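Remarks on the overall topology
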Amino acid sequence: MLETRNLTKSFGAVHVTRDVSLKLERGERRVILGPNGAGKTTLFNQLVGELTPNSGSVHLAGEDVTALPVAKRARRGLSRSYQKNTLFDGLTVEENLGLAAAVHTGNATRLWADSLAKPEVREIVDEVAEQVNLMPFLHAKVSEISYGVRRQLEVGVALATRPLVLLMDEPTSGVGPEMSKGFHDLLNNLPRDLTMLFIEHDMDLAFDVADTITVLNYGEVVFDGLPEAARGSRLLKEIYLGSWEDA
Amino acid sequence: MFRHTALRYTALVLLAAGALFQAFTAEYFGLEILTEILILAMLVLALDIVAGFGGMVSLCHGALMGVGAYAFAILSTKAGIAPPVAMAGAVALTGGIGWIIGAICSRSHGIYFIMATLAFGQMAYSYVFEAPIFGGDDGLGGISRLDLSIIGVDLNDSRSFALFCLAVLGAIYGASVLILRSGPGRSLSGVMHNEQRMRALGLTVWRVKADVFGLSGMIAGVAGALAAQHILYISPALLSWTVSGEALVVVILGGLGTLVGPLVGAAAFVVLKHELSAVTTYWHLVVGLLLIAVVMSRANGLFGWVEARWGARIERRMADATRKQQPEEVLSDA
Ligand SMILES: Nc1ncnc2c1ncn2[C@@H]1O[C@H](COP(=O)(O)OP(=O)(O)O)[C@@H](O)[C@H]1O
Ligand SMILES: [Mg+2]
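Quick notes on the rules
Residues numbered from 1 in each chain as written. Chains lettered and ligands numbered in written order. Predicted model: local features only at pLDDT ≥ 70, side-chain atom pairs only at ≥ 80, totals over all residues. Heavy atoms only, no water. Donors = N, O, S within 2.8 Å, 3.2 Å for Na, K, Ca; no water. Helix = DSSP H or I, 4+ residues; strand = E, 2+ residues; numbered from the N terminus. 1 Å grid on protein atoms, 1.4 Å probe; cavity = no way out; pocket = protein on both sides within 12 Å on 5 of 7 lines; lining within 4 Å. Points joined across faces, edges and corners; volume = space filled by probe spheres on them. Pairing = 2+ DSSP bridges. Contact = heavy atoms within 4.5 Å. Axes fitted to C-alpha atoms, helices over the stretch in contact; angles between N-to-C directions. Buried < 20%, exposed > 50% of the residue type's maximum accessible area, 1.4 Å probe, protein only. Lys, Arg positive; Asp, Glu negative; His and termini not counted. Salt bridge = Lys/Arg side-chain N within 4 Å of Asp/Glu carboxyl O. Polar contact = N/O pair within 3.5 Å; in protein donor to acceptor, adjacent residues only side chain to side chain. Near = heavy atom within 4 Å. Areas by Shrake-Rupley, 256 points an atom, 1.4 Å probe, with all protein chains shown as cover. Nonpolar A, V, L, I, M, F, W, Y, C, P; charged D, E, K, R; others polar.

1. What to know about the coordination of the magnesium ion (ligand 2)
Bound to the magnesium ion (ligand 2) are the protein donor atoms Thr-41 of chain A (OG1) and Gln-83 of chain A (OE1), situated 2.0 to 2.2 Å from the metal. In this pair, Thr-41 of chain A is assigned in helix α1 (residues 40-48) and Gln-83 of chain A in the loop between β6 (78-81) and α3 (93-105), connecting sequence segments 42 residues apart.

See below:
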C-alpha cells in the first residue's frame, strides 16, 4: 500500500534519512520507534511530500508518487497528523473536521453550495467525531478544548479525509498514560482495512496496536519485524535503554 | 468563518434604514454623498472578502475598480455596446483579471503579497495613464447611466440612482455572504487559519485563492462601473494605489473580517471626510489619528469594538428569549 525505496535525505552534512526502505501491506499497522532526532518526522515529511528526498522513491498503492505535490498525494489517499498540533485554531471542532471532509468529498472547491452543510460532509464529521471521541466537543473552538482533546482532533482531521493510509506523528505525545491507552483502544477500533503508520515514543503502548515495528536510529532502519522479535532484540534495548528501563 | 449574529443583523437593519431615510429625504448634495458611500461600500466588501477572510491584503482593488470603470466607459461609449452588456463585460473582465492576479500572487504571503498586488495595480494605472485610447490624464467623459425606463426608473435622477446603488449593494452583500459560505469561501478561511494543513488535506490552495480573488474582483468591477456612471467622467486617478489604500483604511476602521464592519466604516469615512473637509483642509490628519486610535485600541475596528463589548451579551439575551419561547410553543401545540 505504502512503500519507500532507498529513501535518502540530508541537511548539509547531516544525514537524517539513510537508505530507508519500508513496505506496508494494506491494513497493516506499523509503528516507528526511535529516539529523539532519529529522523522519524523527517521521514513522514518525505512520505507526504512536504520535503523532497535527495534520492529514493515513495510509492502509494502501486504508483510512484515521489514527484507529486503534497495536495495531490493527499487526494490519492495519504493523510497525516502532526507531532505539533496543526489545527485550525479559532474554528470549532466541527469546522476543523468539516474542512477536511469537504476536501475529500470535492465540496471544498464547489461554488454552488455551503461545503460544511453538505449531508455527505456532515456524515463524515459525525462518523469521525464518533471514532475519536469528539462528539461532546463538536461546537467548541479549538482554543476551548484541552490539550489531550486537541491531540484527538489532530488525528480526527487526518481521518476526515477518509484516507487509505494514515500517518500519525506521535499522536499521544504530551498526554498522560491513561489517555494514551484510551487513544490506542480508539486506534484498535478503526476499520481493519485502514493502513496505519505511526510514530510512538512509548514502546509498551506501541505493542498494543502494532502488527509490525520499524526502529529508526540516526536515520537508518535498524530493526524491521514483528513486535515479539522487537521485544527480545538486544540492539533495541541499547538504543531505547531509557524507556525500556522505565517500563 | 463568517457567521451572522443578532448584532450583525441589527446593524444591517439600522444601516439599511439609515440609507433609505437618507435616500428619500436628502437633497442633491446629500444624495451624492449617499451614493459615494454606497459605491465605496461595494469596494470594501470586495476587499474584506479577500483580506478579512483569506488573509490576502490587496493593494490592487482600487485598480480593479478603475479597470471596471474604464471598461464600462470604453465599451459603452467608444464601442457602442448597450450599457447593461457593457457593464456585464466590465465585470467579467475585472473578474478575470482578479483571478489571474490571485493565481499569480497565491504563493506569496504577508508583505510580499501586498507588494505583488501593489505592482499589479501600478501596472494597470500606468497603462491606463499612457495608452491613448483611455484619454490619458484628461480621462474619459460622455458616459451614460443604465437605462431602466422599461421599469419606469430614470437613473439620471440622483435619488433614483442612489436607490439603485443601494439595491445593488444589497445584492452584493448577499452575494458576499454566499461566496464566504461556498466551498471555496470556507476553504479559504481554512487556508487563512492554516495553509499547510489545508494543503496536507489535499486542497489545491492556489485555485481557491484565485477563485475567491476573481469573485472579489467582479464585485470591485461592479463598484467601478457604477462609479463611472455616478460621476459620468473618469480619470486615471481612479486606479491610483491610494484608492486601494483608502479602501484598506475603511475596512480596518470598520472591522476586518466582519463584512458588516466595513459597511459601517464606509459610511463613517465618507461622512467624516465631508464634514471635516468643510471645517479644515487638514481632515486627513483627523482620519489618521482616528485610524491610529482604532489600531492602538486593539479592537477589530469600530464594529469589532461594538461586537466585543455587546455581542456576547446580545447573543445570551437572544438565547434566553428563544428558550423562554419554546415551552409556550409546546403548549400551543397541545
Ligand atoms: N529542516 C531541517 N534542517 C536541518 N536539520 C533538520 C531539519 N529538520 C530536521 N532536522 C534534523 O534532522 C534530525 C531528525 O529530526 P526529526 O525527523 O524531527 O527527528 P524525530 O522526529 O525522530 O525526533 C534532527 O537532528 C533534526 O535536527
Ligand atoms: Mg519527531
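2. Describing the layout of surface pockets
Estimates place the volume of the largest pocket at around 980 Å³. Of all the secondary-structure elements, those providing two or more residues to the lining of the largest pocket are α3 and α4 (119-131) of chain A together with α1 (6-25), α2 (28-54), α7 (183-193) and α13 (301-333) of chain B. Per-element accounting of the lining of the largest pocket gives the leading share, 5 residues, to α13 of chain B.

3. Thoughts on the sheet that holds strand β2 (residues 14-24) of chain A
Residues and elements named next belong to chain A. The sheet built from 4 strands is open, its strands ordered β2-β1-β4-β5 with antiparallel pairing. Looking at the sheet topology across the chains shown, the edges are occupied by β2 and β5 (63-64). Pairing of strand β1 (residues 2-11) with strand β4 (residues 55-60), which is carried by 5 bridges, proceeds in the antiparallel orientation. In the sheet register, Leu-2 faces β4, and the bridge partner there is Leu-60. With respect to the sheet, α1 is in contact with β1, β2 and β4, its orientation differing from that of β1 by roughly 120°.

4. Considering the side chain of Arg-151 of chain A
Residues and elements named next belong to chain A. On the secondary structure map, Arg-151 appears in helix α5 (residues 147-159). At 4.8 Å, Glu-154 is the nearest oppositely charged side chain to Arg-151, a buried residue that forms no salt bridge. There is a polar contact of 2.8 Å between the side chain of Arg-151 and the backbone oxygen of Glu-170. When near neighbours in sequence (up to four residues on either side) are disregarded, Arg-151 contacts Tyr-82, Gln-83, Lys-84, Asn-85, Asp-169, Glu-170, Pro-171, Ser-173 and Val-175.

5. So, the site of ligand 1
Residues and elements named next belong to chain A. The full set of residues close to ligand 1 is Phe-11, Val-16, Pro-35, Asn-36, Gly-37, Ala-38, Gly-39, Lys-40, Thr-41 and Thr-42. Within the contact set of ligand 1, an oxygen atom lies 2.7 Å away from a side-chain nitrogen or oxygen of Thr-41. Within the contact set of ligand 1, an oxygen atom lies 2.5 Å away from a side-chain nitrogen or oxygen of Thr-42. Look at ligand 1: alone it shows 560 Å² of surface, and the protein chains cover 57% of it. Here the shell around ligand 1 gets 3 residues from one element, more than from any other, and that element is α1. When the residues that make up the shell around ligand 1 are grouped by side-chain class, the tally is 4 nonpolar, 5 polar and 1 charged.

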